[in-house]
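Listed here are the chains, written in short residue letters.
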Amino acid sequence: MTPAAGPPRLRVGVIGGGIAGLTAAYRFAQRGHQVTLWERGPRLGGQAAAFPVLDTAIEYFYHHLFMSDHDIVQLMNEIGIGDDLIWLPSPVGFFADGKIYPLSGAFDLLRLGCVPLIDRLRIGFTTLYLQKLRNWRHFEQVTAAEWLRRAVGQRAFDRVWGAQLRAKFGPRYDQVAMVWFWNKIYLRTQSRPSLLAKEKLGYIRGSFNTLIDRLAEVIAEQGATIKVGVGTDRLERRGNEWLVRTSEGEEVTCDVIVATVPSPILAKLFPDLPEDYKAKLTGAVYQAAVTMLLQTTRSLSHIYWLNIGDPSVPFTGIIEHTNFIGPEHYQGRHFIYVSKYVEHDHPYLTTPDDQLFAEYVPYLQRINPAFSPDWVEQYWVFREYAAQPIITKNYSARIPEHRTPLPGLYLANTAQIYPEDRGTNYSVRIGNVVADLVEQDLRSGLLRPGSPAPAGGS
Ligand SMILES: Cc1cc2nc3c(=O)[nH]c(=O)nc-3n(C[C@H](O)[C@H](O)[C@H](O)COP(=O)(O)OP(=O)(O)OC[C@H]3O[C@@H](n4cnc5c(N)ncnc54)[C@H](O)[C@@H]3O)c2cc1C
């Protein structure tokens with residue numbers, strides 16, 4: 001692409017090759033800037049990446065899209081892979097009292113026998129109210145636990161929504177703001193063609209790597225440089241420029257740095273950030289994810305997304321991927337994620353994989369008494385520390401700005417996504433936003449290239 005006439009080109013360094021970093025890098029390259037992207041991990045894609053299995057690929061962590069995910073759909077269309085997006089029914093269930101209750105719509109809710117009818121009705125009316133509500137601002141000052149207890153009563157809260165909050169946020173369950181919960185209910189409605197219809201969710205043919213690989217391709221076509229397996233170790237301000245030292249010992253000079261790393265990592269990379277901004281970064285708290293993926297010869301249940309409402313079960317949910325994308329895509333094998341969110345000092349972050357598997361087996365047998373470890377051909381355990389930012393009360397006041405106080409340093413990470421919950425769609429959105437912001441700062445003269453890059457790519 002020929003760079004557009006206009007402001008001089010910038011040398012842009014993007015830290016992180018997840019969806020946010022790739023989107024930002026694509027936008028900068030499209031606008032003719034000279035881009036280098038560094039990804040510390042062994043492959044691009046960050047939390048959304050997939051790894052090879054059985055002649056195809058599957059995500060390290062289960063992934064789907066909601067029908068409200070317009071930014072990512074638009075990006076996929078733009079880069080020519082819109083046809084790879086498929087929308088499929090995604091049966092939801094709730095496990096309580098040793099039983100799986102289907103929970104894919106209003107009729108299922110009426111049959112949710114683990115709570116009395118009056119509680120089901122209260123949950124139903126509250127769900128309807130939350131689905132209709134657009135003005136989420138007054139939910140900023142109340143926790144989900146406070147608001148939901150009032151709305152559905154203590155018993156229904158403890159058995160259903162409270163159980164889910166506890167399963168995901170552990171001891172911090174009562175700190176989560178109602179905004180977060182409202183958004184979860186609201187988004188799921190968006191994925192239903194009508195109120196009574198069942199949900200459909202989106203998946204990308206060939207896994208999310210189809211998007212990640214195509215993005216890498218279009219970025220490279222615009223002349224940008226992508227370095228995989230290379231981290232940024234030290235960044236120093238030299239006059240009007242940033243000097244980046246990589247883990248390979250290379251030194252690269254940039255006018256602009258866009259970091260997509262978790263907030264506490266940014267605070268460590270840039271110790272000179274002013275204290276008030278740094279406090280926003282170090283104040284960000286994330287739940288970690290410990291996800292076990294089983295490759296089996298048989299299916300565990302008929303549900304795709306099974307929420308666990310039984311507090312004695314040690315995991316948060318079971319996501320049977322092959323009840324969404326059929327086993328015919330995986331040589332007849334079934335893929336089942338056992339999901340667990342934990343605090344950063346939780347033993348599951350260091351428990352040996354075989355020990356965790358042995359610990360889970362009796363609980364998998366509670367979900368399906370026929371389940372046997374013999375069904376399992378392979379299993380993997382994946383861990384991610386910055387899996388889920390915890391959205392607490394008055395969160396909007398604590399979000400670090402995309403434009404940091406240091407000149408030429410911008411941030412686009414999952415802790416800035418609000419009021420929506422983090423997700424690949426919103427990483428695309430913040431990648432777009434930060435690229436637009438840099439362009440705006442360049443045009444207004446706030447950003448000046450130290451030494452303009454030569455025209456025609458790097
Ligand atoms: C268990 C789980 C399930 C999920 N399910 C869904 C889902 O169903 N649908 C959905 O849309 N989203 C889902 N998500 C969320 C989604 O994957 C993330 O929100 C999104 O991928 C985040 O992208 P990102 O680019 O903002 O951050 P990341 O993917 O975290 O990317 C940041 C990158 O920066 C790199 N990095 C860090 N430090 C450095 C450094 N110094 N130098 C260079 N590189 C560095 C990291 O290696 C990483 O690749 C899920 C996430 C998890 C954990």
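If you're wondering where the values come from, they're calculated on a predicted model, not measured in any experiment. (Residues numbered from 1 in each chain as written. Predicted model: local features only at pLDDT ≥ 70, side-chain atom pairs only at ≥ 80, totals over all residues. Heavy atoms only, no water.)

A. Seen up close, the site of the ligand. The environment of the ligand is formed by 27 residues, the closest being E39, Q47, H63, H64 and T424. Between the ligand and E39 there is a distance of 2.6 Å, counted from an oxygen atom to a side-chain nitrogen or oxygen. For the ligand, a nitrogen atom lies 3.1 Å from a polar atom in the backbone of R40. Summarising the interface, the protein chains cover 93% of the accessible area of the ligand, which totals 1000 Å² for the free molecule. Among the elements of the structure, α1 (19-30), β2 (34-39) and α12 (424-443) are those that each provide at least two residues to the shell around the ligand. Its residues assigned to classes, the shell around the ligand comprises eleven nonpolar, 13 polar and three charged. (Near = heavy atom within 4 Å. Polar contact = N/O pair within 3.5 Å; in protein donor to acceptor, adjacent residues only side chain to side chain. Areas by Shrake-Rupley, 256 points an atom, 1.4 Å probe, with all protein chains shown as cover. Helix = DSSP H or I, 4+ residues; strand = E, 2+ residues; numbered from the N terminus. Nonpolar A, V, L, I, M, F, W, Y, C, P; charged D, E, K, R; others polar.)

B. Local environment of the packing of aromatic side chains. Applying the stated criterion across every chain yields a total of 25 aromatic pairs. With 4.6 Å between their ring centres and 35° between their planes, Y304 and F324 make a pair best called tilted. Residue Y304 is located in the loop between β14 (286-296) and β15 (305-308), and its partner F324 is located in the loop between β16 (317-320) and β17 (334-342); the two are separated by 20 residues in the primary sequence. Each of the two residues, Y304 as well as F324, counts as buried. On the basis of an interplanar angle of 80° and a centroid distance of 6.0 Å, the ring pair of Y348 and Y360 is categorised as edge-to-face. Placement of the pair is Y348 in the loop between β17 and α11 (353-367) and Y360 in helix α11, with a sequence separation of twelve residues. The buried category is assigned to Y348, whose relative accessible area is 7%. According to the relative accessible area criterion, Y360 is buried, its value standing at 1%. (Phe/Tyr/Trp six-rings, centres within 6.5 Å; stacked < 30°, edge-to-face > 60°. Buried < 20%, exposed > 50% of the residue type's maximum accessible area, 1.4 Å probe, protein only.)

C. Spotlight on the packing of α1 against α12. Their axes nearest at 7 Å, the elements α1 and α12 cross at an angle of 35°. α1 and α12 meet at a crossing whose hand is right-handed. On α12, the residues that touch I19, A20, T23, A24, R27 and F28 of α1 are T424, S427, V428, I430, G431, N432, V434, A435 and V438. For the contact of α1 with α12, the per-class residue count stands at nine nonpolar, five polar and one charged. (Axes fitted to C-alpha atoms, helices over the stretch in contact; angles between N-to-C directions. Left-handed = near helix turned anticlockwise from the far one by under 90°. Contact = heavy atoms within 4.5 Å.)

D. Structural detail: the pairing of strand β8 (residues 200-204). Extensive coverage of β8 is indicated by the burial of four of its five residues. Pairing analysis gives five bridges linking strand β5 (residues 85-89) to β8, with the strands arranged antiparallel. Each bridged residue has a counterpart across the sheet, and for L85 the counterpart in β8 is I204. (Pairing = 2+ DSSP bridges.)

E. Structural context of the confidence of the model for the chain. With 95% of its residues at a pLDDT of 70 or more, the chain has an overall mean of 93. Counted against residues more than four places away or in other chains, residues 452-458, with its pLDDT under 50, gives 13 contacts. (pLDDT = per-residue confidence, 0-100.)

F. Representation of the sheet that holds strand β11 (residues 241-246) in the model. One open sheet holds the three strands; their spatial order is β10-β11-β12, and the pairing between them is antiparallel. Pairing within the sheet leaves two strands with one partner each, and these edge strands are β10 (232-238) and β12 (251-254). Geometrically, the sheet is characterised by an average inter-axis angle of 25° between neighbouring strands, direction not taken into account.

G. Spatial organisation of the sheet that holds strand β1 (residues 11-15). Taken together, the five strands give an open sheet; going across it, the order is β9-β2-β1-β13-β19, and neighbouring strands pair in parallel fashion. Unpaired on one side and paired on the other, β9 (225-228) and β19 (409-411) mark the two borders of the sheet. With strand direction ignored, the average angle separating the axes of adjacent strands in the sheet is 15°. Judged from the five bridges that link them, β1 and β2 form a sheet pairing that is parallel. Opposite V12, over in β2, you have V35 as the bridge partner. Relative to β2, α1 is tilted by about 165°, and along the sheet it contacts β1, β2 and β13 (256-259).

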